[in-house]
Amino acid sequence: MVDTPIYVVDAFTDKPFAGNPAAVCILTEERDAGWMQSVAAEMKHAETAFVRAIENGYSLRWFTPTVEVDLCGHATLASAHTLWETHRVLRDSKINFNTRSGVLVATLADQICLDFPAIPPVAADREIMLTGLQTVWSGTNGMDWFLEVGSEQEVVQFDPIFSEIESLGLRGTIITAPSQGDVDFVSRFFAPQSGVPEDPVTGSAHCCLAPYWASKFGKDKLVGYQASPRGGTVGVQLSGNRVFLYGSAITLLEGVLKC
């Protein structure tokens, strides 16, 4: 039996019970995917991250309660936060995460900064509609469906029919609109087909949102608000084919897996 340190971290927030919670397991040895999936199913968070020290950085894998995913922002931010907070990594040192989406780099200043791939959407080859939304434009980045809708109010008030979203396939669906408030755009993210009916704050969705709204607004630095019931703010900066995601995190719980 191996004791595995585990933490629950609220990401893209600076206060508890907001943002997006992720579990972070710090592995001392390699574990098989079946065990990781069982832990993620037990934890029931949108994502559970598994972090293991390797040469020149850390291996990082992400699991929803039902599947392993290729990219996750909030659990990467939670993992970086955990490594710095537990002094496994010096706070002035960058962290290289080796993942299914290549090497992702985390640095720490006033906030955590994640260097992620920009994955802009292209127009869908069929019309994508959801009940209760006025779709202005629909597309996909190959990972998720992307819908710009008529107004911020539509995004906030949208009452999803999860079976309808699940039938679309892919990982999930992003809905978004320009904001009339203090941020540039609002969004929500739904992935019932991946075991996450609504994700509270989705860093990886901003890899698609950032290039889309940067092109619309004609500027590279923007702020998005994900208008889920918990809510969370994500700063983004587009740089060529990369997106820098900015956010804070707070540790809520720490413990040990006895398996």
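Refer to the structure printed above.
We now turn to the structure provided with this report.

**Concerning the overall build of the protein**
Next, step 1: Scanning the protein from N- to C-terminus turns up five helices and 18 strands.
Next, step 2: A globule of 259 residues ought to have a C-alpha radius of gyration of about 18 Å, and the protein, at 18 Å, matches this closely.
Next, step 3: Principal-axis analysis of the C-alpha atoms places the extent of the protein at approximately 55 × 35 × 30 Å.
Next, step 4: Counting the 259 residues in the protein, one finds 56% classified as buried.

**Overview of helix H2 (residues 73-85)**
Next, step 1: Its 13 residues place the ends of H2 18 Å apart at the C-alpha level, agreeing with the 18 Å of an ideal helix rising 1.5 Å per residue.
Next, step 2: For H2, the tally of buried residues reaches 12 of 13 residues, placing the bulk of the element in the interior.
Next, step 3: Those residues of H2 not exposed but buried are Gly-73, His-74, Ala-75, Thr-76, Leu-77, Ala-78, Ser-79, Ala-80, His-81, Thr-82, Leu-83 and Trp-84.
Next, step 4: Once H2 finishes, His-87 follows within two positions and takes phi at roughly 65°, a positive value.

**What about the pattern of salt bridges?**
Next, step 1: Following the criterion strictly, the structure yields 11 salt bridges and no others.
Next, step 2: A salt bridge links Arg-100 to Glu-68, with the shortest nitrogen-to-oxygen separation between them at 3.9 Å. Residue Arg-100 is found in the loop between strand S6 (95-99) and strand S7 (102-108), and its partner Glu-68 is found in strand S5 (residues 68-69); the two are separated by 32 residues along the sequence.
Next, step 3: With a relative accessible area of 22%, Glu-68 lands in the partly exposed category.
Next, step 4: Here Arg-242 ties to Asp-115 by a salt bridge, and the two come within 2.8 Å at their closest N and O atoms. Here the residue Arg-242 occupies a position in strand S17 (residues 242-247), and Asp-115 occupies one in strand S8 (residues 112-117), the gap between them amounting to 127 residues.
Next, step 5: Overall, Arg-242 belongs to the partly exposed group, its relative accessible area being 25%.

**Describing helix H1 (residues 33-43)**
Next, step 1: Within H1, the full set of buried residues consists of Trp-35, Met-36, Gln-37, Val-39 and Ala-40.
Next, step 2: Its side-chain oxygen 2.9 Å from the backbone nitrogen of Gly-34, Asp-32 forms the N-cap of H1.
Next, step 3: Lys-44 sits one or two residues past H1 and shows a positive phi near 65°.

**Describing the side chain of Glu-47**
Next, step 1: Mapped onto the elements, Glu-47 comes out in strand S3 (residues 47-54).
Next, step 2: No salt bridge is formed by the buried Glu-47, whose closest oppositely charged neighbour, Arg-171, lies at an N-O distance of 5.5 Å.
Next, step 3: If we skip the residues at most four places from it in the chain, Glu-47 touches Ala-22, Ala-23, Trp-62, Phe-63, Thr-64, Val-69, Cys-72, His-74 and Ala-75.

**Considerations on the pairing of strand S15 (residues 221-226)**
Next, step 1: Alternating positions in S15 separate cleanly, Leu-222, Gly-224 and Gln-226 being buried on one face and Lys-221, Val-223 and Tyr-225 remaining unburied on the opposite face.
Next, step 2: Strand direction decides the pairing type here: strand S13 (residues 185-191) and S15, joined by three bridges, are parallel. Bridge pairing links Phe-185 to Gly-224 in S15.
Next, step 3: Sheet analysis places S15 next to strand S16 (residues 232-239), joined by six bridges and oriented antiparallel. When the sheet's bridge partners are listed, Val-223 is paired in S16 with Gly-235.

**A closer look at the side chain of Thr-4**
Next, step 1: Tracing the backbone through its elements, the reader meets Thr-4 in strand S1 (residues 3-11).
Next, step 2: A residue is classified by how much of its surface remains accessible, and Thr-4, at 3% relative accessible area, is buried.
Next, step 3: Residues in contact with Thr-4, not counting those within four places in the same chain, are Cys-25, Ile-26, Leu-27, Arg-31, Trp-35, Gly-255, Val-256, Leu-257 and Cys-259.

**Re the packing of aromatic side chains**
Next, step 1: According to the stated counting rule, one finds 10 aromatic pairs in the structure shown.
Next, step 2: A centroid spacing of 6.5 Å and a plane angle of 55° characterise the contact between Phe-162 and Phe-190, whose relative ring orientation is tilted. Here Phe-162 is found in helix H4 (residues 162-166), whereas its partner Phe-190 is found in strand S13, with 28 residues between them in sequence.
Next, step 3: Accessibility expressed as a relative area gives 34% for Phe-162, which makes it partly exposed.
Next, step 4: Overall, the relative accessible area of 0% leaves Phe-190 in the buried class.
Next, step 5: Aromatic pair Tyr-212 and Trp-213: ring centres 5.1 Å apart, planes at 85°, arrangement edge-to-face.
Next, step 6: Residue Trp-213 is classed as buried on the basis of its relative accessible area, which comes to 2%.
Next, step 7: Among the aromatic residues, ring-to-ring pairing joins Trp-137, Phe-146, Phe-185, Tyr-212, Trp-213 and Phe-217 into one connected group.

**Side note on a nonpolar patch on the surface**
Next, step 1: Taken together, the side chains of Phe-17, Leu-252 and Leu-253 present a nonpolar region at the surface, about 320 Å² in accessible area.
Next, step 2: Tracing the backbone shows Leu-253 in strand S18 (residues 249-258).

Definitions and cut-offs
- Residues numbered from 1 in each chain as written.
- Predicted model: local features only at pLDDT ≥ 70, side-chain atom pairs only at ≥ 80, totals over all residues.
- Heavy atoms only, no water.
- Helix = DSSP H or I, 4+ residues; strand = E, 2+ residues; numbered from the N terminus.
- Rg over C-alpha atoms; globule rule 2.2 N^0.38 Å.
- Buried < 20%, exposed > 50% of the residue type's maximum accessible area, 1.4 Å probe, protein only.
- Expected span 1.5 Å × (residues − 1).
- Salt bridge = Lys/Arg side-chain N within 4 Å of Asp/Glu carboxyl O.
- Polar contact = N/O pair within 3.5 Å; in protein donor to acceptor, adjacent residues only side chain to side chain.
- Lys, Arg positive; Asp, Glu negative; His and termini not counted.
- Contact = heavy atoms within 4.5 Å.
- Pairing = 2+ DSSP bridges.
- Phe/Tyr/Trp six-rings, centres within 6.5 Å; stacked < 30°, edge-to-face > 60°.
- Patch = residues over 30% accessible without salt bridge, like charges linked within 9 Å, V, L, I, M, F, W, Y side chains within 5 Å.
- Areas by Shrake-Rupley, 256 points an atom, 1.4 Å probe, with all protein chains shown as cover.

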